[in-house]
Amino acid sequence: MSTPRFATEQIHAGDLVDAGHGARIPPVHLTAGFRFQDFEEARARFAGEDDGYSYTRIGNPSIAALERRLAHLERGDEAIVVGSGQAAVSVALLALLQAGDHLVAAGHLYEGSRNLFTENFARFGIDVDFVDEPTSAEAWTRLVRPTTRAFFGESIANPTNQVLDVALVAEVAHAHGLPLVVDNTLATPYLLRPIEHGADVVVHSASKFLAGHGACLGGAVVVAGTADRYATGTGDRGYADFARHVIAARLGPTLSPMNAFLIQQGIETLSLRMRQHSANALVVAQWLERRPEVVSVDYAALPWHSSYPSARRYLPRGAGAVLAFTLAGGEPAARTVVEGVTVFSHMTHIGDVRSLILHPASTTHALRPQAEREAAGIGAGTLRLSVGVEDADDLLADLEAAFQRLPAAASRAASPAAPPALSVPAPLTVPAPGPARAVAVPVA
Ligand SMILES: *Cc1c(COP(=O)(O)O)cnc(C)c1O
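Bear in mind that the values here come from a model prediction, so they are computed numbers and not experimental data.

K.L.:
I'd like to hear about the overall build of the chain, residue by residue, with values.
P.N.:
When helices and strands are tallied, the chain shows 16 helices and twelve strands. Overall size of the chain, expressed as C-alpha extent along the three principal axes, is 80 × 50 × 40 Å. Residue burial in the chain is summarised as follows: out of 444 residues, 55% are buried. A separation threshold of at least 6 residues defines the contact pool for the chain, and within that pool the share at least 24 residues apart is 75%. Surface accessibility of the chain: about 18,500 Å² in total, with carbon and sulfur atoms responsible for 54%. Here the chain contributes 35 positive and 45 negative side-chain charges, whose respective centroids are spaced 2 Å apart.

K.L.:
Run through the sheet that holds strand E1 (residues 78-82), naming residues and quoting values.
P.N.:
The strands making up a sheet are joined through hydrogen bonds of the backbone, oriented either antiparallel or parallel. Strand order in this open sheet of seven strands is E1-E7-E6-E5-E4-E2-E3, and the pairing throughout is mixed. Each edge of the open sheet is held by one strand with a lone partner, namely E1 and strand E3 (127-131). Each adjacent strand pair in this sheet contributes to an overall mean axis angle of 20°, direction not counted. The sheet contact formed by E1 and strand E7 (residues 219-223) spans five bridges and is antiparallel. Its bridge partner being in E7, Val-82 is matched across the sheet by Gly-219.

K.L.:
Any chance you could break down a nonpolar patch on the surface for me, citing the residues and the numbers?
P.N.:
Together, Val-28, Leu-30 and Met-258 make up an exposed nonpolar region whose accessible area comes to about 250 Å². For Leu-30, the position within the fold is in the loop between helix H1 (6-12) and helix H2 (39-46). For Leu-30, a relative accessible area of 59% corresponds to the exposed category.

K.L.:
Account for the site of the ligand, with residues named and values stated.
P.N.:
In the vicinity of the ligand, 14 residues are found, and the nearest of them are Gly-85, Asp-183, Ser-205, Ser-207 and Lys-208. Within the backbone of Gln-86, a nitrogen or oxygen atom sits 2.8 Å from an oxygen atom of the ligand. Taking Asn-158, its side chain carries an N or O atom lying 3.1 Å from an oxygen atom of the ligand. Against a free-state accessible area of 380 Å², the protein chains account for coverage of 93% of the ligand. Its residues assigned to classes, the shell around the ligand shows three nonpolar, eight polar and three charged.

K.L.:
Let's hear about the pattern of salt bridges: which residues, and what values?
P.N.:
Scanning all chains against the criterion turns up 23 salt bridges. Residue Asp-129 is joined to Arg-145 by a salt bridge in which the shortest nitrogen-to-oxygen separation is 3.0 Å. Of the two residues, Asp-129 is situated in strand E3 and Arg-145 in the loop between helix H6 (137-142) and strand E4 (148-154); the sequence distance between them amounts to 16 residues. Note on Arg-145: relative accessible area 33%, which makes it partly exposed.

K.L.:
Pulling in residues and values, what's your account of the nonpolar core?
P.N.:
Taken as a class, soluble globular proteins show a tendency for nonpolar side chains to be buried jointly. Of all hydrophobic cores here, the largest spans 121 residues; its most connected members are Phe-117 and Tyr-239. With residues up to four places along the chain from it excluded, the contact list for Phe-117 reads Val-89, Leu-93, Leu-103, Ala-105, Leu-109, Ala-122, Val-128, Phe-130 and Phe-152.

K.L.:
Give a detailed account of the environment of Gly-177, specifying residues and quantitative values.
P.N.:
With respect to the helices and strands, the residue Gly-177 is situated in the loop between helix H7 (166-175) and strand E5 (180-183). Sequence separation of Gly-177 and Arg-149 is 28 residues, and the distance between their C-alpha atoms is 8.5 Å.

K.L.:
Please set out the sheet that holds strand E9 (residues 322-327) residue by residue, giving values where relevant.
P.N.:
Taking strand neighbours across the sheet as the criterion, the five strands line up as E8-E9-E12-E11-E10 in an open arrangement whose pairing is mixed. Strands with a single pairing partner mark the edges of an open sheet, and in this sheet they are strand E8 (294-298) and strand E10 (345-346). Across two bridges, the pairing between E10 and strand E11 (residues 356-358) is parallel. Note that in E11 the partner of Ser-345 across the bridge is Leu-356.

K.L.:
Would you mind going over the packing of helix H12 (residues 270-289) against helix H16 (residues 392-404) in detail, with residue names and values included?
P.N.:
At a minimum axis distance of 10 Å, the contact between H12 and H16 shows a crossing angle of 30°. Classed by the angle they form, the pair H12 and H16 counts as roughly parallel. In terms of crossing hand, the pair formed by H12 and H16 is right-handed. On H16, the residues that touch Asn-280, Val-283, Val-284, Trp-287 and Leu-288 of H12 are Ala-392, Leu-395, Leu-396, Leu-399, Glu-400 and Phe-403. Its residues assigned to classes, the contact of H12 with H16 comprises nine nonpolar, one polar and one charged.

K.L.:
Could you give an account of the packing of aromatic side chains, with specific residues and numbers?
P.N.:
One pass over the structure, following the stated rule, counts nine aromatic pairs. Taken together, Phe-117, Phe-121, Phe-124 and Phe-152 form an aromatic cluster joined through their ring pairs. Between Arg-114 and the ring centre of Phe-130, over which it is positioned, the NZ or CZ distance is 4.2 Å. Above the ring of Tyr-110, the side-chain terminus of Lys-208 is found at 5.1 Å from the ring centroid.

K.L.:
I'd love a proper account of the side chain of Arg-275, names of residues and values included.
P.N.:
Along the chain, the position of Arg-275 falls in helix H12. For the buried Arg-275, which has no salt bridge, the nearest side chain bearing the opposite charge is Glu-9, at an N-O separation of 14 Å. Within the structure, the side chain of Arg-275 is placed 3.4 Å from the side chain of Tyr-190, a separation counted as a polar contact.

K.L.:
Describe unusual backbone geometry, with residues and values.
P.N.:
Geometrically, the link from Asn-158 to Pro-159 is a cis peptide bond, its omega value of 5° lying close to zero. Along the chain, Pro-159 turns up in the loop between E4 and H7. With phi around 60°, Arg-75 is a residue other than glycine that occupies positive phi space. Looking at where Arg-75 falls in the secondary structure, it is placed in the loop between helix H3 (61-73) and E1. Classification of Arg-75 by relative accessible area gives partly exposed; the value is 29%. A positive phi is found at Asn-161, a non-glycine position, where the angle reads about 75°. Mapped onto the elements of the fold, Asn-161 is located in the loop between E4 and H7.

Reading the values: rules and limits
Residues numbered from 1 in each chain as written. Predicted model: local features only at pLDDT ≥ 70, side-chain atom pairs only at ≥ 80, totals over all residues. Heavy atoms only, no water. Helix = DSSP H or I, 4+ residues; strand = E, 2+ residues; numbered from the N terminus. Buried < 20%, exposed > 50% of the residue type's maximum accessible area, 1.4 Å probe, protein only. Contact = heavy atoms within 4.5 Å. Areas by Shrake-Rupley, 256 points an atom, 1.4 Å probe, with all protein chains shown as cover. Lys, Arg positive; Asp, Glu negative; His and termini not counted. Charge placed at Lys NZ, Arg CZ, Asp CG, Glu CD. Pairing = 2+ DSSP bridges. Axes fitted to C-alpha atoms, helices over the stretch in contact; angles between N-to-C directions. Patch = residues over 30% accessible without salt bridge, like charges linked within 9 Å, V, L, I, M, F, W, Y side chains within 5 Å. Salt bridge = Lys/Arg side-chain N within 4 Å of Asp/Glu carboxyl O. Near = heavy atom within 4 Å. Polar contact = N/O pair within 3.5 Å; in protein donor to acceptor, adjacent residues only side chain to side chain. Nonpolar A, V, L, I, M, F, W, Y, C, P; charged D, E, K, R; others polar. Core = buried A, V, L, I, M, F, W, Y, C linked by side-chain atoms within 4.5 Å. Parallel < 35°, antiparallel > 145°, perpendicular 65-115°, else oblique. Left-handed = near helix turned anticlockwise from the far one by under 90°. Phe/Tyr/Trp six-rings, centres within 6.5 Å; stacked < 30°, edge-to-face > 60°. Lys NZ or Arg CZ within 6 Å of the ring centre and 35° of its normal.

In structure tokens form, the structure reads like this:
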């Protein structure tokens, strides 16, 4: 057989025949531990002389099946699956950093990761600097210190859609002998494989698109063959072995085998969902930018987004589900829209088959001073959408009904205090189909 394409791999990669009963789907091994056959087997297993199972925090067949599939889809050598995306970011980086070390991270990040670095890592004596201009090699280089141990960024930043120039940042990292860790949650391996562009470690919140149905949490660390070249401080162990046995197994963020099963089921339809998410999100983004109540739309597939060139290069299959837009009417308008929608669910989550909506300034970003929030692109009128895979016409009708409740003054034409409109000639036109459109791409 020729090398299988993505849609085939997402269903078959890493499959092993179930040794017990030949079950076609990897069984859910809901067990804390595994019985040893005899005295010698227990001794050998603890000595690492055979690869059987002993205790689910160290390993479990349902978890291992998911690890094989994810490693393959991301083109890594190995994957370590953990209990949440936060745990994945923590494990990946704590296997590289210790007290006295320094991390350089892209300035636009998921708030949970940012707070992990500034509050928790600070308590461990780990310093973090944020790159304000992640598209510039010089901006990354400027922040490197003798104690720097890694670079970190998101392939598509949550929620404002800056697309990381993975190849450029990997090149700078490697020139300084450092590994690049990329959070690939928003893109998933269907839209982008950071390892193919030079990343050494990929992390995921599997709670989002991989699981895909909003039913469970999970996380993954995928390790490329190059990681050992740049990872320091792991003693005589390789990076993956150190991350698995010293960091993950001891800190203990173990994934439930039940959740491994749910995530594995989700991955089997990943390509179908990501294509539909991307197609729907583009339709919604184009609808939003034509509305007079909207002052800006942050979606990398739109030609005037600052990351459009990167999106064309890195995201030919589509720019994913998550976008942010800002209403001229500020917080009152945001409240009206959030309270006016019925198909969109008002909640903090992304990557669900259901469409979701959130007001970041009063929720995820509430702890940030207003000036910092504004600099991060989060205004009082900004809403984050995770566009689901429902029928796009129903999503537009839902937004239309909510927008109808906005006062007429809450539009950019009528509001003198409104921030500047999109920097495109009015009237706004629908962008010509480009490679960033994900509507009619082949399955591969
Ligand atoms: C949600 C998210 C995380 C954290 O994942 P959890 O599974 O919620 O712990 C990390 N990174 C990104 C980009 C996310 O969207």
